Every structure is written in C-alpha cells, then in structure tokens.
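Residues per chain are reported as follows:
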Amino acid sequence: MKKFRSIFWHRRDLRIEDNIGLFEASKNSKNLIGVYVLDPNLLNLNRTTSEAKNWFLAKSLLELQKNWVRRGSRLLILNGDPIKLISKLADLIKAECIYWNDNIEPYEINRDRLIKEHLSKEKIKIYTFLDQLIVKPNDIKTNDDKPYKVYGPFYRKWIDIITKSNISMNNSIKISRTSKKIRGLNERELSSIKGSELNYCISRESKSVYDLLTSNRFNNTNLCPCKPGESESINQLNFFINSGSINSYNQARDVPSLESTSNLSAALSLGTISCRAVWNGAQVSKNMANNEYQLNSIDTWIKELAWREFYQNALINFPELENGPYREKWLKFPWQNKPDWFKAWENGLTGIPIIDAAMRQLKNSGWMHNRCRMIVASFLVKDLLINWKWGELFFMKSLVDGDLASNNGGWQWSASSGMDPKPMRIFNPSRQAAKFDENCDYIRKWIPELAHVSTPNLLSGEIISAERKGYPSPIINHKNQTSIFKELYSSIN
Ligand SMILES: Cc1cc2nc3c(=O)[nH]c(=O)nc-3n(C[C@H](O)[C@H](O)[C@H](O)COP(=O)(O)OP(=O)(O)OC[C@H]3O[C@@H](n4cnc5c(N)ncnc54)[C@H](O)[C@@H]3O)c2cc1C
C-alpha cells in the first residue's frame, strides 16, 4: 500500500495514546509531522479561556512535544490563523495528506469547513475522525431518527450501544494504537521551515507556549486539582480507581470537602486522556468490585461520562444553544442584572457562606466541585435574578475545564432554560450546605476568616457582626428573592 507524507493536526486530543486520527495517520504515512495551532480566537481571556486552562494547555503541549520527539518525529506549535498556517505548512513540506479529529463546537466546525475548502484547491487529501465521544452522534438517535433532548432516554440508548459494541471488551487503560516510531522530516526539510515565514511563527509560537506560562499563577504550583499532560491524566485515572474513590462515588461525590471525584474534566476536555480510556478504567473497576454498592457507584460515575456526551450531542444537534436559551420564552425574562450583586457573586462576597466558599474555590484553584457549580448557578439566576449568560461567561473565563458544551448545558440546566423538562428547580443555599457540608469543612477551608464561627451559624449565614471579621452580611434574603423570581417567571409563561 502506498504511504504518504502527512501532517497530523492536534486540537482537543493532546495525547499520543488511543488517538484515533493519529493512529490512522501513523499507519498510512511515510513521513508524519504533528502540528498544533495556538488560535487567538480560542485563547481570548475575555471570552473563550481562562488562566487555568492556558496553564493546562501549555503544560500539556510541552509534554506532547517531547512525546513526538520520543516517537521519532516532532510537533510544531504555530501561532495565528489556522486556515493560513495549516495550508502554508502543507505547502512547505509538500504534504499529501492532513489528518485530524473532528471537533463539535460551532466555531471549530466552521473553521474546519473553510480549511477543507482551501486545502481541496491544493489537492491535499483530508482525513477526519471522531475521537472525542465514545458513541458516534449519528448512532444515537430516537426511533424517529431525531436527536435526544432528554438525558434519561439518551443514557439508555448510549449504554445499550456501548454494551453491544466491543469497547467494554478491552480492559486495558492504556491502548497503544500508535506505532512506536513515527518517521518525521529530514534535516533539509526542517531547514526549509526554518527559512520560511513559518519559522517566525514557530519561534514566536513556541515562545507563545511559554508566554501562556510566564506570570501564570498556576505554573509550578499545586493550586489546581486537574493535572496537565498525558502521563498525569493517566495517573489521575489510575489514582481514582486504585484509591477506591470510584467505588464510593455514590456517597462521596456530592460532598465538596472530600477529594472524591476524578478531576478528569480538563483532561477530557482537552483530550490528554481519551474517553475510551476512562470508560475502560470504569470496566476494570467493575471487574474488581466486591459488592453491589461498589458496582452502583461505578455505574453512577459512568452516568456522569454520559452527561458529557449528552451535552456534546446537544450542541452538535442544536448549535443555537451557544447563543441563548433553548426555551425561547426565557428571552423575555426580565433579568434585574445588578452589577454590584454580580461583582459580589464573582468575588465570593455575597455574605452567604456556601456560595462564597465555592466562588473562592473557583477563583483560587480554577476548578469548582460539581455540587457547588449547581448551587452557585441556581443562586445567580434564581436569587440574584442575573442572566445565566453572565455566569456562563464568567465560568469560561475562570474554569480549567471550561468547555462550551458542558458549561452551556450546566447553566441551561440550572437556569431551567434548557432541554430539561423541570422548570422550577431552585436550590436553597442553607439547605444545600446543611446536606452536603454538614460540618462546614468546605466553608471553613475556603473562608478562613469564618473558621471560628459555629457550624449552625455558618450553615444559616446568620453570623453576628462581632464574628464577621470583615466578612459581609448577606446581600439578599433567599425567601424574598425566590418569590420575586417566581413572580417574574409567571410573567413569561
Ligand atoms: C453550571 C455548571 C457548569 C459546568 N461547566 C463545566 C465545564 O465547563 N466543563 C466541564 O467539563 N464540566 C462542567 N460542568 C460539569 C461538572 O461540574 C464537571 O464536569 C465536574 O465537576 C468535573 O469534575 P470531575 O472531573 O472530578 O468529575 P467526575 O465527577 O469525576 O465525573 C467524570 C467526568 O464526567 C463528566 N461530567 C461529570 N459531571 C458532568 C456534568 N454535569 N455535565 C457534563 N459532564 C460531566 C466530566 O467530563 C468529568 O470529568 C458544569 C456543571 C455545572 C452545573
């Protein structure tokens, strides 16, 4: 079989192992070089990314570069417009084929369409694959061939497809799909890049990777629980399994003071681990489980993986979700959007301990526990009466795992504006704290100035001024605000 000179373009698949597109490229290429483009549109700190995510990205890229060299080739990191840069690189190295794994966000789909148009004029063959979901979106349709809008039936179909396929047969966490050696370019070919305008890009580009790290407060610290790079992602999965956290997930996953979840969200979002590897990890755990409780816990975790795929499918099928509420009546909701309340929420200064602890966890670590994401989102929308789009954007600018599909899905679920059929879900912050942080370990950790306050007062938020030590009194009363919310909600029905 004839083999070609090819480029593999990494995007949200920053790994070598179990990378479907890369595996195909390495199988079919005589020479293969990797490329990643730092696209300014995806690196906008005011809109699309966060300091924590930039740190995760840069660290993961540096490891990926080393892994390419170990395999016998190299990864070029370019900086700028991918449409121009990918074509230029293909032209310079006389590539015959370009491989990549498809993405699902509207911006990326449109970008890829433009690149395909451009490259087809140059007669370059493009091969694309679906790598970031366990089940192909086209396979997961209702009996009427329509996309699912409700999670429950989606999950049943999803698990049915997987169970019937052979993904579950492979019990290895690491799946080596790539050949050991990838043949790269020779020195003469590489020097042609050095002599070109791409070299400017590369030297500026690799500097850009370091730019993402210099003065990045996450660099060389342990602030964030998500660890960048392919090897750390595998370690995190192994730790989650071997420490037994996966076996007690049912009970512990809602307690924010415990480190009981996998912390794999950033790895799954940027692809330093494959979704099949985590699925297989869950299957290995099932084989080792000792009782029903452990098996149920593992199944609950698998259901979380399915939420990720549900939201990605939702965005593929309804790209308009990116721009606003799924339920159009929410466009008429009379938001109060008070800037000083939003500021208090952002900065963890609302005077409501569980809200402020969660927002400070986000600010300090770039990550927030899932239970707390639901509590603070409900509070922003249903207590502060602020448009959920403000919260969605703030999360994208703060989270290490900021991901359009999951973030938008989480916010629309919390705001009741999405596909979920339950409209009136309102979280009472004190009751949530009493249920999930009963000893206030989480609140005390993130609001140290309140560490001396009694547990009942921390839960209720009723703290006498002498004990506040500068901590603000509550900016709102939950009961009053939610009755206003209900009234406003009835005006749009
Ligand atoms: C308002 C709001 C915003 C959110 N924004 C994001 C986001 O930008 N990026 C993101 O990855 N998740 C988001 N989530 C989902 C969830 O909070 C995180 O995925 C989870 O907290 C990550 O921690 P973990 O990796 O330890 O999860 P685990 O509990 O170990 O779960 C395993 C994996 O399943 C997936 N997952 C778990 N819960 C969900 C969920 N509810 N929706 C979608 N996927 C899920 C994640 O990939 C996660 O890594 C959001 C949730 C809410 C309520």
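Scroll up to find the structure this text is about.
Please read all numbers here as calculations on a predicted model, not as lab measurements.

Caption draft 1: Looking closely at the overall build of the protein. When helices and strands are counted, the protein shows 22 helices and 5 strands. Expressed along its principal axes, the backbone C-alpha trace of the protein runs to roughly 75 × 50 × 45 Å. Burial statistics for the protein: of 493 residues in total, 44% are counted as buried. Sequence-distant contacts in the protein: of pairs separated by 6 or more residues, those separated by 24 or more amount to 79%.

Caption draft 2: Highlighting the site of the ligand. Neighbouring residues of the ligand: 28 residues in total, closest T261, S262, N370, N407 and G410. Those elements giving two or more residues to the shell around the ligand turn out to be α10 (265–270), α12 (292–317), α15 (370–383) and α17 (404–415). If one sorts the elements of the shell around the ligand by residue count, α17 sits on top with 6 residues.

Caption draft 3: Structural view of the pairing of strand β2 (residues 29–38). Extensive coverage of β2 is indicated by the burial of 9 of its 10 residues. Two elements, strand β1 (residues 4–10) and β2, share 7 bridges in a ladder whose sense is parallel. Across the sheet, residue I7 finds its bridge partner in β2, namely I33. Examined bridge by bridge, β2 and strand β3 (residues 75–79) share 5 bridges and lie parallel to one another. In the sheet register, G34 faces β3, and the bridge partner there is L75. In this region the chain leaves β2, passes through helix α2 (residues 51–70) and returns to the parallel neighbour β3; the handedness of that crossover is right-handed.

Rules used throughout
- Going along each chain's sequence as written, the residues are numbered from 1 onward.
- Where totals are concerned, whole chains, interfaces and linings use all residues; where local detail is concerned, this predicted model gives features only for residues with pLDDT of at least 70, and gives and counts side-chain atom pairs only at 80 or more.
- Numbering goes from the N terminus for both helices and strands, where a helix is a DSSP run of H or I of at least four residues and a strand is a run of E of at least two.
- As a rule, residues whose C-beta atom has 12 or fewer other C-beta atoms within 10 Å are exposed, those with 20 or more are buried, and those in between are partly exposed; C-beta atoms are placed from the backbone.
- It is the C-beta atoms, placed from the backbone, that decide contacts: two residues are in contact if theirs lie within 7 Å.
- The C-beta atom of each residue is placed using the backbone, and any residue whose C-beta lies within 6 Å of a molecule or strand is treated as near it.
- Strand pairing follows a simple DSSP-based rule, namely that at least 2 bridges must link the two strands.
- If the strands point away from the viewer and the path from the first strand over the helix to the second runs clockwise, then the crossover is right-handed.

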